[in-house]
Amino acid sequence: MENLHLPIRVDKREKGKIIQRIEELEGVELEFTDLDVGDYVLPNGVVIERKSAADMVLSVVDKSLWENAAKLKANYRQVIYIVEGDLYEPRFYQQALDIHRALAHLTIALGISVLPSPDADNSGMLIYLTGLNAQIEPDPVDREAESDNRRKVAEFILSGLPGVAADEARDLLRHVGSVRDVINADAGTLAQTDVLDPERAERIESVVTYGSRKS
């Protein structure tokens, strides 16, 4: 393939055999950076989160998988999990049904793909081939659908704030901007939107700033 060029942004925590494998492949250009979410950012808004099977199962057990998935969906057009190892090996007292439910929800409800991989070498090839396919521009209709889906995920995140109903989450996005803007807003700004009363606005500010400074 002539003039092959595949830029990939990589979280700095990714090291070892998988990086060595990807660097061997034709046309790859890696840029190491601090990513807020995800491990590999491919062209056209595609992101890959790489997890060991043990970490994936643990995230199902402690329910952290859903927050992570929501953040990924809010920031990228297409989300892919690569899971290395056997998801069904007994560990953490999980039931196979729990894994089935999690995979089904990721795939159908959130539109997230989960790709199995036996080891880092195969994960590297999956990332590479996925990146080559990601360079093909998506259909404009698909882009519109993704935009709508990202809005729904953003509303879902904000509806997790204390005292915020689903319709109020939608109104907050419209008045304030992005999820990040809402989280960073102080109580006065939130109350000025007429979506929240001052009491709820102050409660939200106290929750999102908890631990950032001594009271």
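The rules we used
Residues numbered from 1 in each chain as written. Predicted model: local features only at pLDDT ≥ 70, side-chain atom pairs only at ≥ 80, totals over all residues. Heavy atoms only, no water. Helix = DSSP H or I, 4+ residues; strand = E, 2+ residues; numbered from the N terminus. Buried < 20%, exposed > 50% of the residue type's maximum accessible area, 1.4 Å probe, protein only. Contact = heavy atoms within 4.5 Å. Lys, Arg positive; Asp, Glu negative; His and termini not counted. Charge placed at Lys NZ, Arg CZ, Asp CG, Glu CD. Arc of directions from axis to C-beta. Expected span 1.5 Å × (residues − 1). Axes fitted to C-alpha atoms, helices over the stretch in contact; angles between N-to-C directions. Parallel < 35°, antiparallel > 145°, perpendicular 65-115°, else oblique. Left-handed = near helix turned anticlockwise from the far one by under 90°. Nonpolar A, V, L, I, M, F, W, Y, C, P; charged D, E, K, R; others polar. Salt bridge = Lys/Arg side-chain N within 4 Å of Asp/Glu carboxyl O. Pairing = 2+ DSSP bridges. Polar contact = N/O pair within 3.5 Å; in protein donor to acceptor, adjacent residues only side chain to side chain.

Caption draft 1: Summary view of the overall build of the protein chain. If you tally the helices and strands in the protein chain, you get 10 helices and six strands. Dimensions of the protein chain, computed from the C-alpha atoms along their principal axes, are close to 60 × 45 × 40 Å. Put simply, the protein chain has 215 residues, and 41% of those count as buried. Considering only residue pairs separated by 6 or more positions, the protein chain has 63% of its internal contacts joining residues 24 or more positions apart. Positive and negative charge centroids in the protein chain, built from 25 and 38 side chains respectively, lie 3 Å apart.

Caption draft 2: Representation of helix 2 (residues 53-61). Of the residues making up helix 2, those classed as buried are Ala53, Met56, Val57, Ser59 and Val60. The buried residues of helix 2 occupy an angular sector of 160° when the element is viewed end-on, so they sit on one face.

Caption draft 3: Structural view of helix 3 (residues 64-75). Taking 1.5 Å of rise per residue, 12 residues should cover 16 Å, and helix 3 covers 17 Å from first to last C-alpha, within 8% of that figure. For helix 3, the complete set of buried residues consists of Leu65, Asn68, Ala69, Ala70, Leu72 and Lys73.

Caption draft 4: The arrangement of the packing of helix 3 against helix 4 (residues 96-109) in detail. Where helix 3 meets helix 4, the closest approach of the two axes is 12 Å, and the angle between their N-to-C directions is 15°. Considered as vectors, helix 3 and helix 4 are oriented roughly parallel to each other. Considering only the axes of helix 3 and helix 4, their crossing is right-handed. In contact with Leu65, Trp66 and Ala69 of helix 3, helix 4 contributes Ala102, His105 and Leu106. In the contact of helix 3 with helix 4, the residues fall into five nonpolar, one polar and no charged.

Caption draft 5: Focus on the pattern of salt bridges. For the structure shown, the criterion picks out 11 salt bridges. For Asp11, the salt bridge identified is with Arg13, shortest N-O distance 2.7 Å. The salt bridge partner of Asp34 is Lys12, with a shortest N-O separation of 3.9 Å. Of this pair, Asp34 sits in the loop between strand 2 (28-33) and strand 3 (40-42) while Lys12 sits in the loop between strand 1 (6-11) and helix 1 (17-23), placing them 22 residues apart in sequence. In this structure Asp34 comes out as exposed when scored by relative accessible area, which is 60%. Each of Glu14, Arg50 and Glu84 takes part in salt bridges that share partners, so that together they form one network.

Caption draft 6: Focus on the pairing of strand 5 (residues 78-84). In terms of residue burial, strand 5 counts as a mostly covered element, since six of its seven residues are buried. As judged from the seven bridges shared by strand 4 (residues 46-52) and strand 5, these two strands associate in the parallel manner. Residue pairing in the sheet places Ser52 in a bridge with Glu84 of strand 5. Bridge analysis of strand 5 against strand 6 (residues 113-117) gives five bridges, and the strand direction is parallel. Within the sheet, the bridge partner assigned to Ile82 lies in strand 6 and is Leu115.

Caption draft 7: Seen up close, the side chain of Glu14. Checked against the element boundaries, Glu14 lands in the loop between strand 1 and helix 1. One polar contact links Glu14 to Tyr40, side chain to side chain, over a distance of 2.6 Å. Excluding residues within four positions of it along the chain, Glu14 makes contact with Ile19, Phe32, Asp39, Tyr40 and Arg50.

Caption draft 8: Spotlight on unusual backbone geometry. The backbone of Asn44 sits at a positive phi, close to 60°, despite the residue not being glycine. In this structure, Asn44 sits in the loop between strand 3 and strand 4. In this structure Asn44 comes out as partly exposed when scored by relative accessible area, which is 21%.

Caption draft 9: Summary view of the sheet that holds strand 4. In spatial order, the strands read 2-1-3-4-5-6; together these six strands make up an open sheet with mixed pairing. Here the strands that pair on one side only, and so sit at the sheet edges, are strand 2 and strand 6. Neighbour-to-neighbour, the strand axes of this sheet turn through a mean angle of 25°, independent of strand direction. In this structure, strand 1 lies alongside strand 3, joined through two bridges in antiparallel fashion. Paired with Val10 across the strands is Tyr40, a residue of strand 3.

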